[in-house]
Amino acid sequence: MINLFKPKKNGNDLELKIDKDNLPEHIAIIMDGNGRWAKKRNLPRTMGHKAGVETIRKVIKEADRIGIKYITLYAFSTENWRRPEEEVTALMKLLVQYLKSEVKELHKNDVVLRVLGEIDKLPKECEREIKEAIELTKNNKGLILNIAFNYGGRDEIVRAIRLIAEEYKDNNINIEDINNELVNNYLYTKDSPDPDLIIRPSGEQRLSNFLLWQCAYSEFWYSNVCWPDFTELDLQKAIYDYQNRDRRFGGV
Ligand code: FPP
């Protein structure tokens, strides 16, 4: 894989402690705190989201440089439609701008972009940009970047149940065929392993309808910084802490 994200010359102490043989394969991030970040600075909430896009750029590069294989970012939930129209429109625009300005660079760096969520319910321009970005990057071999947009964990499970019911109705499957693996195959994340590590900045400690099925054995990492202030070092801290956990998956 082409690696634009060259090793830093002056790696910090923490970076040196990260065990490259025990990295979380998949990190998922709830990018929270943009609104509070903006409020503290007397800025409109949308400026917080804009600042959050800068953090996305930094974090993706750092994750790829460290050797993470999958990153999932929670960018717009099925509940976020309840926000003021102005904020919803700004988030849609930010996604379009992000894809327009970033997709070539991502493609050059071998990144595969995927979107989790109901994209056909988005404004047409958003849907078109997403589809083009997915198409352009689909054969790449590097970091898999999942953007959860118009995504809700419960909706995803309901959608899977409906699809499975259709398969049953069409006599393609029997009741006994329904197991964890089959359900997995009807989720938006069917091509990604379950997240090993879920990161939520901004001090909140809840899942907010994110990857409900997939988080069964994920490790959680919280921090008090708002997403626009989240740094490469915070990502390293999360990975380092993760490596010091004892994952038992229900065993002993
Ligand atoms: C949560 O913070 C953040 C969001 C709902 C949106 C996250 C979106 C971006 C970072 C940018 C758009 C995405 C892409 C991929 C270009 P909040 O608004 O709930 O913050 P608060 O809890 O402080 O109010």
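For clarity, every value in this text was computed on a predicted model and none was experimentally measured.

J.: I'd like a description of the overall build of the protein chain, backed by residues and values.
T.: Each helix and strand counted, the protein chain has 8 helices and 6 strands in total. Across the protein chain, helices and strands are ordered from the amino to the carboxyl terminus as α-β-α-α-β-α-β-α-β-α-α-β-β-α. Here the C-alpha radius of gyration of the protein chain, 19 Å, is about what a compact globule of 252 residues would show, namely 18 Å. Summarising its shape, the C-alpha atoms of the protein chain cover approximately 60 × 50 × 35 Å along the three principal directions. A total of 252 residues make up the protein chain; the buried ones form 49% of that total. Sequence-distant contacts, at least 24 apart, represent 79% of the contacts inside the protein chain between residues at least 6 apart. Seen as two clouds, the 40 positive and the 41 negative side-chain charges of the protein chain have centres 6 Å apart.

J.: Which residues make up the packing of helix 4 (residues 85-108) against helix 5 (residues 124-137), and what values go with them?
T.: Here helix 4 crosses helix 5 at 15°, and the two axes come no closer than 9 Å. The pairing of helix 4 with helix 5 is recorded here as roughly parallel in orientation. In terms of crossing hand, the pair formed by helix 4 and helix 5 is left-handed. Seen from helix 4, the contacting residues are Met92, Leu95, Val96, Leu99, Lys100, Val103 and His107; seen from helix 5, they are Glu125, Cys126, Glu129, Ile130, Ala133, Leu136 and Thr137. For the contact of helix 4 with helix 5, the per-class residue count stands at 9 nonpolar, 2 polar and 3 charged.

J.: Can you explain the side chain of Thr189? Please cite residues and give values.
T.: Within the fold, Thr189 resides in the loop between helix 7 (180-184) and strand 5 (197-200). A distance of 2.7 Å separates the side chain of Thr189 from the side chain of Gln214, its partner in a polar contact.

J.: Before we move on, could you go through the site of the ligand and cite the residues and values that matter?
T.: Neighbouring residues of the ligand: 17 residues in total, closest Met31, Gly35, Arg36, Arg45 and Arg83. Within the backbone of Asn34, a nitrogen or oxygen atom sits 3.2 Å from an oxygen atom of the ligand. Contact distances for the ligand include 2.8 Å between an oxygen atom and a side-chain N or O atom of Arg83. A total of 620 Å² of accessible area belongs to the ligand in isolation, and the protein chains cover 92% of it. Broken down by secondary-structure element, the contributors of at least two residues to the shell around the ligand are helix 2 (34-40), helix 3 (45-66) and helix 4.

J.: Which residues make up the packing of aromatic side chains, and what values go with them?
T.: Geometry of an aromatic ring pair is reported as the spacing of the ring centres plus the angle between the planes. Counting across every chain of the model gives 9 aromatic pairs. Note on Tyr74 and Tyr151: the rings are 6.0 Å apart at their centroids and 80° apart in plane angle, and the pair reads as edge-to-face. One end of the pair, Tyr74, is in strand 2 (residues 70-77); the other, Tyr151, is in strand 4 (residues 144-151), with 77 residues separating them in the sequence. Neither residue differs from the other here; Tyr74 and Tyr151 are each classed as buried.

J.: Could you give an account of the environment of Glu102, naming the residues involved and the relevant values?
T.: Here Glu102 is to be found in helix 4. The class of Glu102 is buried, set by a relative accessible area of 14%. Sequence separation between Glu102 and Arg57 is 45 residues; the distance between their C-alpha atoms is 8.8 Å. Side-chain polar atoms of Glu102 contact the side chain of Arg57, separated by 2.9 Å.

J.: Outline the sheet that holds strand 5, supporting the account with residue identities and numerical values.
T.: Spatially, 3-4-2-1-5-6 is the arrangement adopted by the 6 strands of the open sheet, whose pairing is parallel. Edge strands, defined here as strands with exactly one partner in the open sheet, are strand 3 (112-116) and strand 6 (219-222). Shown here is a sheet whose adjacent strand axes are inclined to one another by a mean of 20°, direction ignored. As judged from the 7 bridges shared by strand 2 and strand 4, these two strands associate in the parallel manner. Across the sheet, the residue bridging to Tyr74 is Ala148, located in strand 4. Against the sheet, helix 4 touches strand 2, strand 3 and strand 4, its axis set at about 165° to strand 4.

Definitions and limits used
- Residues numbered from 1 in each chain as written.
- Predicted model: local features only at pLDDT ≥ 70, side-chain atom pairs only at ≥ 80, totals over all residues.
- Heavy atoms only, no water.
- Helix = DSSP H or I, 4+ residues; strand = E, 2+ residues; numbered from the N terminus.
- Rg over C-alpha atoms; globule rule 2.2 N^0.38 Å.
- Buried < 20%, exposed > 50% of the residue type's maximum accessible area, 1.4 Å probe, protein only.
- Contact = heavy atoms within 4.5 Å.
- Lys, Arg positive; Asp, Glu negative; His and termini not counted.
- Charge placed at Lys NZ, Arg CZ, Asp CG, Glu CD.
- Axes fitted to C-alpha atoms, helices over the stretch in contact; angles between N-to-C directions.
- Parallel < 35°, antiparallel > 145°, perpendicular 65-115°, else oblique.
- Left-handed = near helix turned anticlockwise from the far one by under 90°.
- Nonpolar A, V, L, I, M, F, W, Y, C, P; charged D, E, K, R; others polar.
- Polar contact = N/O pair within 3.5 Å; in protein donor to acceptor, adjacent residues only side chain to side chain.
- Near = heavy atom within 4 Å.
- Areas by Shrake-Rupley, 256 points an atom, 1.4 Å probe, with all protein chains shown as cover.
- Phe/Tyr/Trp six-rings, centres within 6.5 Å; stacked < 30°, edge-to-face > 60°.
- Pairing = 2+ DSSP bridges.

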